[in-house]
Amino acid sequence: MNATERTPADLLSSALAADPARPLVTFYDDATGERVELSVATFANWVAKTANYLQGDLTAGPGDRLALLLPAHWQTAVWLLACSSVGVVAEVGGDPAAADVVVAGPDRLDAARACSGERVALALRPLGGRFPQPPEGFADYAVEVPGQGDRFAPFVPVDPGAPALVVGGAELSGAGIGDRARADAAAAGMPAAPRVLSGLGYDSWEGLSYGLYAPLATGGSVVLCRHLDRLDAAGAADRESSEKITFRAPSSGS
């Protein structure tokens, strides 16, 4: 496969082959104090389990639409890569009523009930914890996914040119995601194998690029911070130093 035709799932496979032990996604929630660091191998394992769940239990396949109603979070990144692995179109903030599958956080469950297909809820609790009381009408991601297989193979090969992501009204193919992410990294002047700090949300291409795809496409890693605006200047400087940040996203949000 040509390097310009690689999907996010292909990029993750290359990262796994190159150095499975290095950090890939480090997540902070500055409203709760949570910090989670996932190596390439650990992240890829979550992606494989989620892709097996998506393809198997949820019977989703290439071309199906998944409304992703989640904030910037390490589990959101997992779902984005799982969709890429299966060939499912991830519609960030998409209309649940028009989706085949909806995946929602605890504050979006009411909206997610408009989906007539499969519904999955994420508690977004530390360490991937489950809901204390499962929400009615939803499968609890933290209950369903841990028992899934650690290796994934798609039932149908994924076409790099097929639609893969919808965000901010724009649709990108799997190959287009990689191409645009590499272009973003070059235009922004990211160093080789960057350690990127991003406080951007995942509701825009910019947030997805700096907060996941550009680091993945350039052999780097991301420190993804939710509620970063709650840190004062000293706290922000300490984080950049302790996490060995080499590039900071141009603006930040919660």
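Residues numbered from 1 in each chain as written. Predicted model: local features only at pLDDT ≥ 70, side-chain atom pairs only at ≥ 80, totals over all residues. Heavy atoms only, no water.

Draft legend 1. Just the environment of Val143, in detail. Within the element layout of this structure, Val143 appears in helix H5 (residues 141-144). When its relative accessible area of 38% is taken as the criterion, Val143 is described as partly exposed. (Helix = DSSP H or I, 4+ residues; strand = E, 2+ residues; numbered from the N terminus. Buried < 20%, exposed > 50% of the residue type's maximum accessible area, 1.4 Å probe, protein only.)

Draft legend 2. Representation of the sheet that holds strand E7 (residues 139-140) within the structure. The strand order across the open sheet built from seven strands is E7-E6-E5-E3-E4-E8-E9, with neighbouring strands paired in mixed fashion. Both outer strands of the open sheet, E7 and strand E9 (170-173), are each paired with one neighbouring strand and no more. Sheet analysis places strand E6 (residues 118-121) next to E7, joined by two bridges and oriented parallel. Its bridge partner being in E7, Val120 is matched across the sheet by Ala139. Docked against the sheet, helix H6 (residues 174-188) engages strand E8 (163-167) and E9, running at close to 100 degrees with respect to E9. (Pairing = 2+ DSSP bridges. Contact = heavy atoms within 4.5 Å. Axes fitted to C-alpha atoms, helices over the stretch in contact; angles between N-to-C directions.)

Draft legend 3. Region of interest: the environment of Ala121. Following the sequence through the fold, Ala121 ends up in strand E6. The spacing of Ala121 and Leu109 is twelve residues in sequence and 7.3 Å in space, taken between C-alpha atoms. If we ignore the near neighbours within four places in the chain, the residues touching Ala121 are Ala104, Leu109, Phe131, Pro135, Phe138, Ala139, Asp140 and Tyr141.

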